[in-house]
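# Architecture and fold: a report
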Amino acid sequence: MRDFLYEYAHEMSSGDAGVDQLNIARLGMQPEYWALVDYLVEKGVLNEEEFAGFLGRHFKAQVEAAARVAREQGSE
């Protein structure tokens, strides 16, 4: 088993170092989640690299949504 969080940190980057650190810490505390990821990879159902890219897009979207809300609240 490889260290998914280490191997794919670049692909999962949100572009915000603070958010990335929080995401890594949060994901690192979920052993059941990683057991499921490992299981799906072993069964050939999940491609780790594609999944890391998916997580990265999701994390970027979260950062963009928070920035958009902050801009909208700041303009009011």
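Shown above is the structure to which this text applies.
In this text, all values refer to a predicted model and were calculated from it rather than measured experimentally.

## Overview of the overall build of the protein chain
Helix and strand content of the protein chain: 4 helices and 0 strands. N-terminal to C-terminal, the α/β element order of the protein chain is α-α-α-α. Relative to its length of 76 residues, the protein chain is extended, with a C-alpha radius of gyration of 15 Å against a globular reference of 11 Å. Dimensions of the protein chain, computed from C-alpha atoms along their principal axes, come out at roughly 50 × 20 × 20 Å. Within the protein chain, contacts between residues at least 6 apart in sequence are counted, and of these 60% link residues at least 24 apart. Mean positive and mean negative side-chain charge positions of the protein chain (7 and 14 charges, respectively) differ by 5 Å.

## Brief notes about the packing of aromatic side chains
A full pass over the atoms with the stated rule returns 5 aromatic pairs. On the numbers, 6.0 Å between centres and 50 degrees between planes, the contact of phenylalanine 4 with phenylalanine 51 is tilted. On the criterion of sequence distance, the pair formed by phenylalanine 4 in helix H1 (residues 4–7) and phenylalanine 51 in helix H4 (residues 48–74) is long-range, its members being 47 residues apart. What makes phenylalanine 51 buried here is its relative accessible area of 15%. Measuring from ring centre to ring centre gives 6.5 Å for tyrosine 33 and phenylalanine 51, while their planes differ by 40 degrees; the resulting arrangement is tilted. Taken together, the residues span a long stretch of sequence, with tyrosine 33 in helix H3 (residues 31–42) and phenylalanine 51 in helix H4 at a distance of 18 residues. Three or more aromatic residues joined by ring pairs form one cluster here, namely Phe4, Tyr8, Tyr33, Trp34 and Phe51.

About the cut-offs
Residues numbered from 1 in each chain as written. Predicted model: local features only at pLDDT ≥ 70, side-chain atom pairs only at ≥ 80, totals over all residues. Heavy atoms only, no water. Helix = DSSP H or I, 4+ residues; strand = E, 2+ residues; numbered from the N terminus. Rg over C-alpha atoms; globule rule 2.2 N^0.38 Å. Contact = heavy atoms within 4.5 Å. Lys, Arg positive; Asp, Glu negative; His and termini not counted. Charge placed at Lys NZ, Arg CZ, Asp CG, Glu CD. Phe/Tyr/Trp six-rings, centres within 6.5 Å; stacked < 30°, edge-to-face > 60°. Buried < 20%, exposed > 50% of the residue type's maximum accessible area, 1.4 Å probe, protein only.

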